[in-house]
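Observations on chain architecture
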Amino acid sequence: MVTSPQHSRPIRTHTDLLERWEELMGTGGFDRRSLWLIFLDADGHQSDLIVPIDDIPILPDNRDVTAIADLVGRVRAEVGVAQVPMLLSRPGPRDITEGDRRWAVALSAAVRDLHPRWPIHLATRDRVQVFAPDDLIAA
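All figures in this text were calculated on a predicted structure; none of them were measured in a lab.

**Let's talk about the pairing of strand 2 (residues 34–40)**
Most of strand 2 is tucked away: 7 of the 7 residues are buried. Because side chains alternate across strand 2, one face comprises the buried residues Ser34, Trp36, Ile38 and Leu40, and the other comprises Leu35, Leu37 and Phe39, equally buried. The sheet contact formed by strand 2 and strand 3 (residues 46–54) spans 6 bridges and is antiparallel. In the strand pairing of strand 3, Ile38 is matched with Ile50. The hairpin turn running from strand 2 into strand 3, its antiparallel successor, is 5 residues long, and Gly44 in that turn takes a positive phi close to 90 degrees.

Right under this line is the structure:
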């Protein structure tokens, strides 16, 4: 778990979320495969808690995806957060890989009922991007 100062600007649009992920990424990009979770209240204000799940495998398996979905559901119920946007990060070029697609599809399906508003994002060495619906069809 990582704590971060409370951000005063709420996340209400896809652009707001993209900018927040870019702030998290900084100028150096990411050096390991991780899934990042941030927690938003009903008004889009981010809590000071950020959860990175490091060293995720290249391809998802059902056990890992179920555990992540369970974690998201528990945090939403126990802490009272309304939304849990997710960012998949990895080193390397910006091209979306088959593993990236499979993670995005699996996570989207697993948490669809928990927070349908935010698409999964991908951060690589030099870019943060959203997984567009067309990106996910190939998986």
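Still more to cover.
**A look at the pairing of strand 4 (residues 86–89)**
By the alternation rule, side chains of strand 4 split into Met86 and Leu88 and Leu87 and Ser89, which are all buried. Pairing of strand 2 with strand 4 involves 4 bridges; the strand directions are antiparallel. Directly across from Trp36, in strand 4, lies its bridge partner Leu87. In this structure, strand 4 lies alongside strand 5 (residues 121–123), joined through 3 bridges in parallel fashion. What sits directly across from Ser89, in strand 5, is Ala123.

Rules of the game
Here the residue index of a chain counts from 1 through its sequence in written order. The predicted nature of this model means local features are confined to residues of pLDDT at least 70 and side-chain atom pairs, given and counted, to a pLDDT of 80 or more, with totals for whole chains, interfaces and linings taken over all residues. Side-chain metrics in this entry use all non-hydrogen atoms of the structure; hydrogen atoms and water are not considered. For every residue, the accessible area obtained with a 1.4 Å probe (protein chains only) is divided by the maximum for its type, and the residue is called buried under 20%, exposed over 50%, and partly exposed between those limits. Helix and strand assignments follow DSSP, with helices taken as H or I runs no shorter than four residues and strands as E runs no shorter than two, numbered in order from the N terminus. Between any two strands, at least two bridges found by DSSP are needed for them to pair.

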